[in-house]
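Secondary and tertiary structure notes
One letter stands for each residue in the lines below.
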Amino acid sequence: VVLNDNGTMVQVAVTDLKTYIGGGAEVFYGEFTKNIADATGTTTVVTGVGFTPKGIIFFNGDHNVAGMGGWGLATAADQGVLADAEAESAGKYYIPADYTANSSISYRFNGSSVYEGTVSTFGSDGFTVTWTKTGSPSGTAAAIFMAIG
């Protein structure tokens, strides 16, 4: 959903977004998976975007864990995430209190098993996510993203 010039909302498919916003923006849609048993400091390097992203929107989850998902945003200046923490406690969502150097991807198994990703580099053909592990999470998680240039 995007806003028209007059402020009304219009539903637009991701494939039509570039055309809708005037062709001046570059948009790339992609996905990746991550082994969340990997140690803190490991990275996921995303290439093939074709431009330097100015912002990235993330949607993430784990197909094998009910009630786990997240929605995140990243720019070169700031990052943030809203994570479904249903796996921790029924009806719980997680929003970090401190928005400096926060993650844009969060998998929350419980209060002591968490796996989070921070966009650490915006490059000419993509970006790099650096991961932080707390506790002993395991499994394979998936993320889809839309990079905007």
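Remember, it's a predicted structure, so these values are computed and weren't measured experimentally.

What to know about the packing of aromatic side chains
Aromatic ring pairs are reported here in terms of the distance separating the ring centres and the angle at which the planes meet. Taken as a whole and assessed by the stated rule, the structure comprises seven aromatic pairs. Aromatic pair F58 and F127: ring centres 5.9 Å apart, planes at 80°, arrangement edge-to-face. In this pair, F58 is assigned in strand β5 (residues 55-61) and F127 in strand β11 (residues 126-134), connecting sequence segments 69 residues apart. A residue is classified by how much of its surface remains accessible, and F58, at 0% relative accessible area, is buried. When the ring of F58 is compared with that of F145, the centres are 6.4 Å apart and the planes differ by 50°; the resulting orientation is tilted. In this pair, F58 is assigned in strand β5 and F145 in strand β12 (residues 140-148), connecting sequence segments 87 residues apart.

Examining the nonpolar core
F32, F58, Y107, F127 and F145 are the most contacted members of the largest nonpolar core, which has 20 residues in total. Contributing elements (two or more residues each) for this core: β5, β9 (105-110), β10 (113-123), β11 and β12. When residues in this core are grouped by element, the largest group, four residues, is from β12. Discounting chain neighbours no more than four positions away, the residues touching F145 are F28, Y29, G30, E31, F32, V46, I56, I57, F58 and F127.

Describing the confidence of the model for the chain
For the chain, the mean per-residue pLDDT works out to 79, and 67% of the residues sit at or above 70. Ranking the helices and strands of the chain by mean pLDDT puts strand β4 (residues 43-47) first, with 96, and strand β1 (residues 2-3) last, with 45.

Some details on the environment of W131
Relative to the assigned elements, W131 resides in strand β11. Residue class for W131 comes out buried when judged on its relative accessible area of 0%. A C-alpha to C-alpha distance of 6.1 Å links W131 and T43, two positions 88 residues apart in sequence. Those residues within four positions of W131 in sequence are excluded, and the remaining contacts are F32, K34, T40, G41, T42, T43, T44, I105, Y107, Y115, E116 and G117. Of the polar contacts made by the side chain of W131, one reaches the side chain of T44; its length is 2.9 Å.

Let's talk about a nonpolar patch on the surface
Taken together, Y29, F59, W71, L82 and I144 make up a surface patch of nonpolar side chains, about 450 Å² in accessible area. You can see W71 is positioned in strand β6 (residues 68-75).

Digging into the pattern of salt bridges
By the definition in use, this model includes two salt bridges. With a shortest N-O distance of 2.8 Å, D38 and K34 are connected by a salt bridge. Measuring nitrogen to oxygen at the nearest pair gives 3.7 Å for the salt bridge that ties E116 to R108. Owing to a relative accessible area of 9%, R108 belongs among the buried residues under this scheme.

Scoring rules and cut-offs
Residues numbered from 1 in each chain as written. Predicted model: local features only at pLDDT ≥ 70, side-chain atom pairs only at ≥ 80, totals over all residues. Heavy atoms only, no water. Phe/Tyr/Trp six-rings, centres within 6.5 Å; stacked < 30°, edge-to-face > 60°. Helix = DSSP H or I, 4+ residues; strand = E, 2+ residues; numbered from the N terminus. Buried < 20%, exposed > 50% of the residue type's maximum accessible area, 1.4 Å probe, protein only. Core = buried A, V, L, I, M, F, W, Y, C linked by side-chain atoms within 4.5 Å. Contact = heavy atoms within 4.5 Å. pLDDT = per-residue confidence, 0-100. Polar contact = N/O pair within 3.5 Å; in protein donor to acceptor, adjacent residues only side chain to side chain. Patch = residues over 30% accessible without salt bridge, like charges linked within 9 Å, V, L, I, M, F, W, Y side chains within 5 Å. Areas by Shrake-Rupley, 256 points an atom, 1.4 Å probe, with all protein chains shown as cover. Salt bridge = Lys/Arg side-chain N within 4 Å of Asp/Glu carboxyl O.

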